[in-house]
Amino acid sequence: FAGADLPSKVTATELKGGAQEDDEEALRLAPKAQRSFRSPDFLRAEKPLSGTEKGTATHMLLQFIDYSKAQTEQGIREELARLTASGHLSPRQAAAVEPEAVLRLFGSELGKRIMSADKISREFRFSLLCPAESFFEGGEGEKVLLQGVVDCIIEEKGELTIIDYKTDRVSGAALAERAKAYAGPVSY
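Here the structure is a predicted model, which is why all the values come from computation and not from measurement.

What counts, and where the lines are drawn
- Residues numbered from 1 in each chain as written.
- Predicted model: local features only at pLDDT ≥ 70, side-chain atom pairs only at ≥ 80, totals over all residues.
- Heavy atoms only, no water.
- Helix = DSSP H or I, 4+ residues; strand = E, 2+ residues; numbered from the N terminus.
- Buried < 20%, exposed > 50% of the residue type's maximum accessible area, 1.4 Å probe, protein only.
- Contact = heavy atoms within 4.5 Å.
- Areas by Shrake-Rupley, 256 points an atom, 1.4 Å probe, with all protein chains shown as cover.
- Pairing = 2+ DSSP bridges.
- Axes fitted to C-alpha atoms, helices over the stretch in contact; angles between N-to-C directions.
- Parallel < 35°, antiparallel > 145°, perpendicular 65-115°, else oblique.
- Core = buried A, V, L, I, M, F, W, Y, C linked by side-chain atoms within 4.5 Å.
- Salt bridge = Lys/Arg side-chain N within 4 Å of Asp/Glu carboxyl O.
- pLDDT = per-residue confidence, 0-100.

Looking only at helices and strands, the protein chain features nine helices and four strands. Along the protein chain, from the amino end to the carboxyl end, the secondary structure elements read β-α-α-α-α-α-α-α-α-β-β-β-α. A burial count over the protein chain gives 27% of its 188 residues as buried. Expressed as a percentage of contacts within the protein chain between residues at least 6 apart in sequence, the contacts between residues at least 24 apart total 54%. Of the roughly 12,200 Å² of accessible surface on the protein chain, a fraction of 52% belongs to carbon and sulfur atoms.

Okay, structure coming up:
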């Protein structure tokens, strides 16, 4: 890219290979995706949610869950019911969330850190003015605005930890490879 060809803004989603539908600059730079139209609701009612839709539902729960209820499967189910009643989740979304997986998260070392953190920020929106060469070859001397949303940030003893929830099913040797694939947006 030459200076005049650089976008003025990039998103974290774009950097990992996707683009926001309402971000014309990101769409211009991102690879063209095949468009598919969503099935009408009456056809989808019986069809299980896709992996992406399940991930979105789980993220929504994690955004609004009362952490004091995350210690038991029953508490997580109550939170799913609360978020369904408040309209944050549809009944189909709530049914697709796996309370056992959420319970495993909050029973893990990371989950315990989240619940005992000095400060927690969820769905933190950010904008940073960054050197363009961090993202684009030939961007030396130029700046670009990086925007995105962080799932969760915890503060412990003055130090921040960024948490990006992933709901992929990965284990063993594939785990390290998948983690590497997600590292790009946070390596700046």
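Alright, that's what it looks like, and here's the rest.
Here we take up the pairing of strand E3 (residues 143-156). Summarising the sheet, strand E1 (residues 9-11) and E3 pair through three bridges and their orientation is parallel. Among the inter-strand pairings, Lys9 is bridged to a residue of E3, identified as Leu145. Bridging between strand E2 (residues 119-131) and E3 involves 12 bridges; their strand directions are antiparallel. Along E3, the bridge assignment pairs Phe124 with Val150. Inspection of the sheet shows E3 paired to strand E4 (residues 159-163) by five bridges, in the antiparallel sense. Its bridge partner lying in E4, Ile153 is registered against Ile162. Counted along the chain from E3 to the antiparallel partner E4, the turn is two residues long, and its residue Lys157 has a positive phi close to 50°.

As a packed pair, helix H4 (residues 51-64) and helix H5 (residues 73-85) sit with axes 10 Å apart at the nearest point and diverge in direction by 100°. With respect to H5, the axis of H4 lies roughly perpendicular. Of the residues in H5, those touching H4 at Met60, Leu61 and Phe64 are Ile76, Glu79, Leu80, Arg82 and Leu83.

Turning our attention to the nonpolar core. Among the nonpolar cores identified, the biggest contains 21 residues, and Leu61, Ile65, Val102, Phe106 and Tyr165 are the most heavily contacted of them. Those residues in contact with Ile65 that sit more than four places away from it in its chain are Ala70, Ile76, Glu79, Arg82, Val102, Phe106 and Arg122. With 12 residues, the next largest nonpolar core counts Ala12, Phe126, Cys130 and Val150 among its residues.

Considering all chains together, one arrives at five salt bridges under this definition. Between Arg77 and Glu73 there is a salt bridge, with the nearest N and O atoms lying 2.7 Å from each other. Pair noted here: Arg77 and Glu73 are both in helix H5, with a separation of four residues, about one helical turn. Among the residues examined, Arg77 registers a relative accessible area of 39% and is labelled partly exposed. Residue class for Glu73 comes out partly exposed when judged on its relative accessible area of 28%. Glu156 serves as the salt-bridge partner of Arg113, at 2.6 Å between the closest nitrogen and oxygen. Of this pair, Arg113 sits in helix H8 (residues 109-116) while Glu156 sits in strand E3, and the two are 43 residues apart along the sequence. Using a relative accessible area of 29% as the deciding quantity, one classes Arg113 as partly exposed. It is possible to trace a salt-bridge network through shared partners that takes in Glu73, Arg77 and Glu100.

Residues of the protein chain with pLDDT of at least 70 account for 78%, and the chain-wide mean is 82. Confidence scores differ between elements of the protein chain, with helix H2 (residues 24-29) showing the lowest mean pLDDT of 44 and H5 the highest of 98. Counted against residues more than four places away or in other chains, residues 19-36, with its pLDDT under 50, gives 24 contacts.

A few words now on the packing of helix H7 (residues 99-107) against H8. Packing of H7 against H8 leaves a shortest axis separation of 4 Å and a crossing angle of 75°. In this view, H7 runs roughly perpendicular relative to H8, as classed from their interaxial angle. Residues Leu105, Phe106 and Gly107 of H7 form the contact with H8, whose own contacting residues are Glu109, Leu110, Gly111, Lys112, Ile114 and Met115.

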